[in-house]
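Working through the structure, step by step
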Amino acid sequence: MNREMTLPSPDLLQSDDERFMVEALKQAWKAFAAGEVPVGAVIVHDGRVIARAYNQVELLQDATAHAEMLVIGSAAQALSGWRLEGCTLYSTLEPCCMCAGALFLSRVSRLVWGAPDIRHGANGSFIDVFSLTHPIHNVEVTKNVLREWCSLPMQQFFKKQRNQRSDSI
C-alpha cells in the first residue's frame, strides 16, 4: 500500500500532541510536494495553532530556512513579540543544533518532535543540547510522537531521490 501523503485517521489519535503533530505532518507533506526535505512544524499557543511552516531551504536557497526556524518567526509575528513562553513547537523531525538554539533563544516552553534525525538531531541522536541545564531557559521535550508517521515522508523523499539519481545514470 502506498501511504504517500497520507495521515493517520483522526479516530486513531489519542492526545492533543498527536492531533497537533498531524498538523505538522501536513506541513511536511507540503515540503515533500515542493521537493524540499519533508519537515513540517507548527506552534501552538493557548490550545490553537498560531503558526505553520515547512522546510524551504531549496526554494529560498537558505540553509537556515528549516521548518522550525520559519515557524518561530511566524509565531513571533502572530504574538507581536519574540518571547514564545507558553508555546509548544511541534516538529516532525528532531531539531538540529541550529533549531534547538532558536528554541532556547525564543523561549519556547515545550518541544514535541516525531522522528529522530541520526545525522543532525540535537536531542540525543547526534548530540543532546536539551540535556544540559540552560542558564536562562529550559525546554520541556516530548519525543517520538507519531514516530512512524513522521518517518514516512522522509523515507519516501530519500527513496525518490535515490531513484531519480539511478534513473539519470
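Data block above holds the structure.
Rules and cut-offs
Residues numbered from 1 in each chain as written. Predicted model: local features only at pLDDT ≥ 70, side-chain atom pairs only at ≥ 80, totals over all residues. Heavy atoms only, no water. Helix = DSSP H or I, 4+ residues; strand = E, 2+ residues; numbered from the N terminus. Expected span 1.5 Å × (residues − 1). Buried < 20%, exposed > 50% of the residue type's maximum accessible area, 1.4 Å probe, protein only. 1 Å grid on protein atoms, 1.4 Å probe; cavity = no way out; pocket = protein on both sides within 12 Å on 5 of 7 lines; lining within 4 Å. Points joined across faces, edges and corners; volume = space filled by probe spheres on them. Nonpolar A, V, L, I, M, F, W, Y, C, P; charged D, E, K, R; others polar.

1. Section: helix α1 (residues 16-33)
For α1, which comprises 18 residues, the first-to-last C-alpha distance of 26 Å matches the rise-based estimate of 26 Å (1.5 Å per residue) to within 8%. For α1, the buried fraction is high: 13 of the 18 residues fall into the buried class. Phi turns positive one or two residues past the end of α1, at G35, with a value near 80°.

2. Considerations on the layout of surface pockets
Volume-wise, the largest pocket comes out at about 680 Å³. If you trace the largest pocket, you find 26 residues lining it, with V37, L93, D117, R119 and M154 closest to the centre. Counting residues per element, the ones that place at least two in the lining of the largest pocket are α2 (57-60) and α5 (147-167). Broken down by element, the lining of the largest pocket gets its largest block of residues, five residues, from α5. Across the lining of the largest pocket, the residue classes break down as 14 nonpolar, six polar and six charged.

Taken by themselves, the reported measurements are silent on function.
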